[in-house]
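Architecture at a glance
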Amino acid sequence: KEIFDLVANNCKEIADKYNAKNLLVVSIGYGRNRSIDYTPTKMSSITGGGAQFLNFIETQLIPKMEQAYGADTTADSRVIIGHSYGGLFGAYCFSINNKLFGNYILLSPSLWFDNMVTLQLEKDNRDNNKHRKQLVFMGIGEMEEKVRMLAPFEAFCQTLRENYAAIKLEKNLEKNQGHMGSRNLNIVKGLNYYFQNR
């Protein structure tokens, strides 16, 4: 609720500034543990439901938003935003179902998960994905753990820079902030980046 309100309120304020109309902000409460829904592979009994969660978004949630609320049916109009495991899930979507969202706001993504499996998934699917025009904002706290968080974050950014010529990429390291302290600041910066560049 707190994060939804922050995103929704900032979306409205920033959209007004850039004269963007008819926004629909959707917070997904799927009813299971977030560590199940947001992780791509099964490492324990509470991980590995990412594929099912993505299938739910693609086959049930998005069609419902289109039918009930008249949401735009193009991927260009869709943004996925996530923090921590949510950022991991966004990077997973980017890697394995890149046509579903046209815009990604990936905040402190837990790319360390399962020996950085998402970086391998990106590589495996790169040829199918690398020519799509998309916006990607990646934000993290400068004070986050170097090996666990910052190193895979930088690796993913570098991969996008070197292999995705059609992508418009912005990276932000939030100074003097850790994992939770950087979240809200990067949400606001990520939304601003999207509305400026969409």
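Coordinates for the structure precede this section.
Residues numbered from 1 in each chain as written. Predicted model: local features only at pLDDT ≥ 70, side-chain atom pairs only at ≥ 80, totals over all residues. Heavy atoms only, no water.

Overall, parallel pairing links the four strands, which are arranged β1-β2-β3-β4 in an open sheet. Taken across any chain shown, the strands that pair with only one partner, and hence form the sheet edges, are β1 (79-83) and β4 (167-174). Taking each pair of neighbouring strands and ignoring which way they run, the sheet shows an average axis angle of 10°. Pairing of strand β2 (residues 103-107) with strand β3 (residues 134-141), which is carried by five bridges, proceeds in the parallel orientation. Bridge assignment links Leu107 to a residue of β3, and that residue is Gly139. (Pairing = 2+ DSSP bridges. Helix = DSSP H or I, 4+ residues; strand = E, 2+ residues; numbered from the N terminus. Axes fitted to C-alpha atoms, helices over the stretch in contact; angles between N-to-C directions.)

With that out of the way, let us pick up the layout of surface pockets. Roughly 1500 Å³ of volume is contained in the largest pocket. As for the largest pocket, its lining consists of 48 residues, of which Val25, Val26, Ser27, Val79 and Ile81 are closest to the centre. Of all the elements in the fold, those that place two or more residues in the lining of the largest pocket are α1 (2-17), α2 (34-37), α3 (50-69), β1, α4 (85-96) and α7 (183-197). Ranked by residue count, the leading element in the lining of the largest pocket is α3, at seven residues. Within the lining of the largest pocket, the residues separate by chemical class into 29 nonpolar, nine polar and ten charged. Lining the second largest pocket, in full, are Asp76, Gly102, Asn103, Lys133, Gln134, Leu135, Ala166, Lys168, Asn197 and Arg198. Broken down by class, the residue content of the lining of the second largest pocket amounts to two nonpolar, four polar and four charged. (1 Å grid on protein atoms, 1.4 Å probe; cavity = no way out; pocket = protein on both sides within 12 Å on 5 of 7 lines; lining within 4 Å. Points joined across faces, edges and corners; volume = space filled by probe spheres on them. Nonpolar A, V, L, I, M, F, W, Y, C, P; charged D, E, K, R; others polar.)

A separate point is the nonpolar core. Ranked by internal contacts, the top residues of the largest apolar core, which has 37 residues, are Ile57, Phe89, Val136, Met138 and Phe156. Those elements that provide at least two residues to this core are α3, α4, β2, α5 (113-129), β3, α6 (146-163) and β4. Setting aside its immediate chain neighbours within four residues, Val136 contacts Phe94, Tyr104, Leu106, Leu160, Ile167, Lys168, Leu169, Glu170 and Tyr193. The next biggest cluster of nonpolar side chains, apart from the first, holds 14 residues, and it includes Ala15, Leu135, Leu191 and Phe195. (Core = buried A, V, L, I, M, F, W, Y, C linked by side-chain atoms within 4.5 Å. Buried < 20%, exposed > 50% of the residue type's maximum accessible area, 1.4 Å probe, protein only. Contact = heavy atoms within 4.5 Å.)

Our focus in this paragraph is the pairing of β4. Here eight bridges tie β3 to β4, and the two strands are oriented parallel to one another. Bridge assignment links Val136 to a residue of β4, and that residue is Leu169. Read from β3 through α6 to β4, the crossover connection turns out right-handed. (Right-handed = clockwise from strand over helix to strand, strands pointing away.)

Put simply, side chains in a regular strand alternate between the two faces of the sheet. Both β1 and β2 contribute to a ladder of five bridges, which runs parallel. Bridging from a neighbouring strand, His83 pairs with Leu107 of β2. Handedness of the crossover is the feature at issue here: the chain leaves β1, passes through α4, returns alongside β2, and the resulting connection is right-handed.

Before going further, it helps to spend a moment on the packing of aromatic side chains. Aromatic ring pairs: the centre-centre distance and the angle between the two ring planes describe each pair. Enumeration over the complete set of coordinates arrives at 14 aromatic pairs. Seen from their ring centres, Phe94 and Tyr164 are 5.3 Å apart, and the 55° between their planes marks the pair as tilted. Residue Phe94 is found in helix α4, and its partner Tyr164 is found in the loop between α6 and β4; the two are separated by 70 residues along the sequence. An identical accessibility class is assigned to Phe94 and Tyr164; each is buried. In this structure an aromatic cluster arises from ring pairing among Tyr38, Phe53, Phe56, Phe89 and Tyr92. Seen from the ring of Trp112, Arg148 lies directly overhead, with NZ or CZ sitting 3.6 Å from the centre. (Phe/Tyr/Trp six-rings, centres within 6.5 Å; stacked < 30°, edge-to-face > 60°. Lys NZ or Arg CZ within 6 Å of the ring centre and 35° of its normal.)

Packing of α5 against α6 brings their axes to within 10 Å, and their N-to-C directions diverge by 10°. The pairing of α5 with α6 is recorded here as roughly parallel in orientation. Residue-level contacts link Met116, Leu119, Glu122 and Arg126 of α5 to Pro152, Ala155, Phe156, Thr159 and Asn163 of α6. (Parallel < 35°, antiparallel > 145°, perpendicular 65-115°, else oblique.)

Turning our eyes to something else, we now look at the pattern of salt bridges. As enumerated under the stated definition, the model contains seven salt bridges in all. In this structure, Glu154 and Lys171 form a salt bridge, with 2.8 Å as the shortest nitrogen-oxygen distance. Here Glu154, found in helix α6, pairs with Lys171, found in strand β4; they are 17 residues apart in sequence, far enough to count as distant. Given the relative accessible area of 29%, Glu154 is considered partly exposed. Judged by its relative accessible area of 31%, Lys171 is partly exposed. (Salt bridge = Lys/Arg side-chain N within 4 Å of Asp/Glu carboxyl O.)

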